[in-house]
2 protein chains.
Amino acid sequence: MFSQAMQDYLKAIYKLQEQGGAVSTSALAEAMGVAAASATGMVKKLAGLKLVRHHPYQGVVLSKAGEKMALEVIRHHRLLELYLAEALGYSWDKVHEEAERLEHVISEEFEEKIFEALGRPTRDPHGDPIPAKDGTLVVAEHDRLSDLEPGATGVIRQVSDSDAEVLRYLGIRGLVPDAAVEVLEKAPFNGPLTVKTGETSHVLGREVASHIRVEARAADDA
Amino acid sequence: MFSQAMQDYLKAIYKLQEQGGAVSTSALAEAMGVAAASATGMVKKLAGLKLVRHHPYQGVVLSKAGEKMALEVIRHHRLLELYLAEALGYSWDKVHEEAERLEHVISEEFEEKIFEALGRPTRDPHGDPIPAKDGTLVVAEHDRLSDLEPGATGVIRQVSDSDAEVLRYLGIRGLVPDAAVEVLEKAPFNGPLTVKTGETSHVLGREVASHIRVEARAADDA
DNA sequence: AGATTTGTTTAGGCAGTCCTAAAATAGCCG
DNA sequence: CGGCTATTTTAGGACTGCCTAAACAAATCT
Ligand SMILES: [Mn+2]
Ligand SMILES: [Mn+2]
Ligand SMILES: [Mn+2]
Ligand SMILES: [Mn+2]
């Protein structure tokens, strides 16, 4: 239907929009790894197809139809990630890359089959929500682990899947969705956090800790 | 590495070569569903990459490297077909189409994972041999069911996967690889065959019967 | 053999996606 | 406000894979 390139642009626009309104050409180009001129070109094409609204020099926003398309691709991506991890034993740092290519070629039947095989899941291995078939997506904004203060406790809900290195690092340490965590220490001047999971504690740099989203438990037992 | 188009051309050349030496431009174009000029163009490109040898006006032949590439793609295709059927419950008439797209995007790791999950299989759902990782392929030429004479018995070894309609038709009737068959009758003038599988007998047109390859048992009990 | 038919290649184009370089615009700062 | 700078768009090209039409080569028929 729509080309792989178009699907990837729509997905990128969706994700950039999540973190703040209209998407600039340069942000889109950066995310897609192309020159700014290329992004402009594609945006104009998508606008012609009514998948986005483009106000020149002001950025681009998905239309209802464009958002539907983007969520369809994201659904494929996240279902695939989970399937690769659960059914084929992929480690969670490798699923993203493989899903990135598969997402564009699987049929609706394939999507349906793995959805059922996985027991109609709602979250991918990184804790990201899987859009429903009708284009519904439950967004839950959680705090960055790096923003919590010492003494705070909570449960990991999401880990950014953008960096495979980081995922491997965190996976080994059990810092995965549904793990309970407690912030023991937080060094000043953007210093590292000391975090406890289970019986072990780990020292994490701010950068790494910002990849982890935590549902904080109210600190009412302090 | 190589584009999807190149992979499909190599695969098509491989299959055409199987049924008789050098491949003509028109046969290749026909198989690929493109104009003859397009096939010539791609052949010249593949020749430049030393994947085929092209003698203008005389046809094209895969080089050793080209054959390796073709077998790699065919291995992907057949493993995927089997995986879709076994692990995801696809019916055998739908696996081909899905595998046709997936074959180009799965990683070597994916290939390895489904190969192991399937117990290192050697045949796809249609009975076609799966090339080994090193590019080895065991070819076994079997008789067409349509060429057997009344009284002949044997075991179905392969069913051509080129026509989904035919596959559905045969699947319902239990005419699948490993099924034992006996030719009861064969009407003259290219008429239909009457074939027995298990307790039921079926009347099959020549065309359909030619899609079935049978390992004949010597007719020594006639 | 010469002529015709058939198959193949070359020539010239088009669409999609990307690029670099140049032009246009917006936002900021003195 | 007017000019500078950073961002964005336009212009012009490259490259892939496809197309049609025309030129060419081989095979076939008389
Ligand atoms: Mn992608
Ligand atoms: Mn993910
Ligand atoms: Mn293919
Ligand atoms: Mn097959």
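All values reported here derive from a predicted model rather than from experimental measurement. (Residues numbered from 1 in each chain as written. Chains lettered and ligands numbered in written order. Predicted model: local features only at pLDDT ≥ 70, side-chain atom pairs only at ≥ 80, totals over all residues. Heavy atoms only, no water.)

(A) Expanded view of the overall build of chain A. When its secondary structure is counted, chain A shows eight helices and eight strands. For 222 residues, the compact-globule estimate of 2.2 N^0.38 gives 17 Å, and the C-alpha radius of gyration of chain A, at 19 Å, lies within 12% of that figure. Based on the C-alpha atoms only, the size of chain A along its principal axes is roughly 55 × 45 × 30 Å. For chain A, the proportion of its 222 residues judged to be buried stands at 45%. Taking the contacts inside chain A whose residues are at least 6 apart along the sequence as the reference set, 62% of them involve residues at least 24 apart. Roughly 11,200 Å² of accessible area belongs to chain A as shown, and the carbon and sulfur atoms make up 52% of that amount. In chain A, the 25 positive side-chain charges and the 35 negative ones have mean positions that sit 5 Å from each other. (Helix = DSSP H or I, 4+ residues; strand = E, 2+ residues; numbered from the N terminus. Rg over C-alpha atoms; globule rule 2.2 N^0.38 Å. Buried < 20%, exposed > 50% of the residue type's maximum accessible area, 1.4 Å probe, protein only. Contact = heavy atoms within 4.5 Å. Areas by Shrake-Rupley, 256 points an atom, 1.4 Å probe, with all protein chains shown as cover. Lys, Arg positive; Asp, Glu negative; His and termini not counted. Charge placed at Lys NZ, Arg CZ, Asp CG, Glu CD.)

(B) Up close: the packing of aromatic side chains. One pass over the full model with this rule turns up zero aromatic pairs over all chains. Positioned above the aromatic ring of Y169(A) is the side chain of R173(A), whose terminal nitrogen or guanidinium carbon lies 3.8 Å from the ring centre. (Phe/Tyr/Trp six-rings, centres within 6.5 Å; stacked < 30°, edge-to-face > 60°. Lys NZ or Arg CZ within 6 Å of the ring centre and 35° of its normal.)

(C) A look at the coordination of the manganese ion (ligand 3). Residues and elements named next belong to chain B. Each protein donor to the manganese ion (ligand 3) is listed here as D8 (OD), E100 (O), E100 (OE), E103 (OE) and H104 (NE2); together their distances run 2.2 to 2.6 Å. Counting gaps between the donor residues of the manganese ion (ligand 3) yields the pattern D-x91-E-x2-E-H. A residue pair is termed long-range when its members are at least 10 positions apart, and D8 in helix α1 (residues 4–18) and E103 in the loop between α5 (95–102) and α6 (108–117) qualify at 95 residues. Residue classification places E103 among the buried positions, given a relative accessible area of 2%. (Donors = N, O, S within 2.8 Å, 3.2 Å for Na, K, Ca; no water.)

(D) Representation of the side chain of Q7(B) in the model. Residues and elements named next belong to chain B. On the secondary structure map, Q7 appears in helix α1. Residue classification places Q7 among the buried residues on the basis of a relative accessible area of 11%. Each residue touching Q7, except ones within four places of it in the same chain, is listed here: F2, M69, V73 and H104.

(E) Up close: the pattern of salt bridges. For the structure on display, the rule yields 31 salt bridges over all chains. The salt bridge involving E116(A) is made with R120(A); its shortest N-O contact spans 3.0 Å. A salt bridge links D93(B) to R168(B); the shortest N-O distance between them is 2.8 Å. You can see D93(B) sitting in the loop between α4 (64–88) and α5 and its partner R168(B) sitting in helix α7 (residues 164–172), a full 75 residues away along the chain. Look at R168(B) and you get partly exposed, because its relative accessible area is 40%. Through salt bridges with shared partners, a single network forms among D8(A), K11(A), E100(A) and E103(A). (Salt bridge = Lys/Arg side-chain N within 4 Å of Asp/Glu carboxyl O.)

(F) Quick peek at the coordination of the manganese ion (ligand 1). Residue and element names in this part refer to chain A. With distances of 2.1 to 2.6 Å, the protein atoms coordinating the manganese ion (ligand 1) are D8 (OD), E100 (O), E100 (OE), E103 (OE) and H104 (NE2). Sequence spacing among the residues donating to the manganese ion (ligand 1) works out to D-x91-E-x2-E-H. Linking D8 in helix α1 (residues 4–18) with E100 in helix α5 (residues 95–102), this pair joins segments that are 92 residues apart in sequence. Owing to a relative accessible area of 16%, D8 belongs among the buried residues under this scheme.

(G) Here's a closer look at the sheet that holds strand β3 (residues 143–144) of chain B. Residue and element names in this part refer to chain B. Taken in spatial order, the six strands of this open sheet run β3-β8-β4-β5-β6-β7, and their pairing is antiparallel. Each edge of the sheet is formed by a strand with only one pairing partner; in this case those strands are β3 and β7 (200–204). As paired elements, strand β5 (residues 180–186) and strand β6 (residues 193–197) share five bridges and run antiparallel to each other. Each bridged residue has a counterpart across the sheet, and for E182 the counterpart in β6 is K196. Sheet strands in contact with α7 are β4 (153–159), β7 and β8 (212–217), and its direction is about 155° off that of β7. (Pairing = 2+ DSSP bridges. Axes fitted to C-alpha atoms, helices over the stretch in contact; angles between N-to-C directions.)

(H) Structural view of the protein's contact with DNA strand D. Taken together, 20 residues lie near DNA strand D, and S26(A), H54(A), S3(B), S38(B) and K45(B) sit nearest. For DNA strand D, the backbone makes up 76% of the atoms found within 4 Å of the protein, where backbone means sugar plus phosphate. Measuring from a phosphate oxygen of DNA strand D, one finds a side-chain N or O atom of S38(B) at 2.5 Å. (Near = heavy atom within 4 Å. Polar contact = N/O pair within 3.5 Å; in protein donor to acceptor, adjacent residues only side chain to side chain.)

(I) Quick peek at the interface of chain A and chain B. Opposite the 17 residues of chain A that make contact, chain B presents 17 residues. Summed over both partners, the interface of chain A with chain B comes to about 1,500 Å²; 59% of that surface belongs to carbon and sulfur atoms. Counting across the chain A and chain B interface gives zero salt bridges. Inspection of the chain A/chain B interface yields seven residue pairs in polar contact (both at pLDDT 80 or more). At the level of secondary structure, the elements contributing two or more residues to the side of chain A that touches chain B comprise α4 (64–88), α5 and α6 (108–117) of chain A. (Buried area = accessible area lost by both parts, 1.4 Å probe.)

(J) Representation of the relation of the copies chain A and chain B. Under the fitted operation, chain A is carried onto chain B by 0.0 Å of movement along the axis and a turn of 180°, and the coordinates agree to an RMSD of 0.0 Å. Taken together, the turn and the small shift mark the pair as related by a two-fold rotation axis. Identified as the residue of chain A closest to the rotation axis by C-alpha distance is L102(A), at 3.5 Å. Both copies contact each other with a shared surface, as 100% of the interface residues of chain A are interface residues in chain B too. (Least-squares fit on C-alpha atoms with pLDDT ≥ 70 in both.)

(K) Main features of α4(A). Taking 1.5 Å of rise per residue, 25 residues should cover 36 Å, and α4(A) covers 35 Å from first to last C-alpha, within 8% of that figure. A positive phi of about 70° marks G89(A), the residue just after α4(A). (Expected span 1.5 Å × (residues − 1).)

(L) Spatial organisation of the nonpolar core. Ranked by internal contacts, the top residues of the largest apolar core, which has 35 residues, are F110(A) and F110(B). Contributions of two or more residues to this core are made by α4, α5 and α6 of chain A together with α4, α5 and α6 of chain B. Setting aside chain neighbours within four positions, we find F110(B) in contact with L84(A), L88(A), Y90(A), E98(A), L102(A) and L80(B). (Core = buried A, V, L, I, M, F, W, Y, C linked by side-chain atoms within 4.5 Å.)

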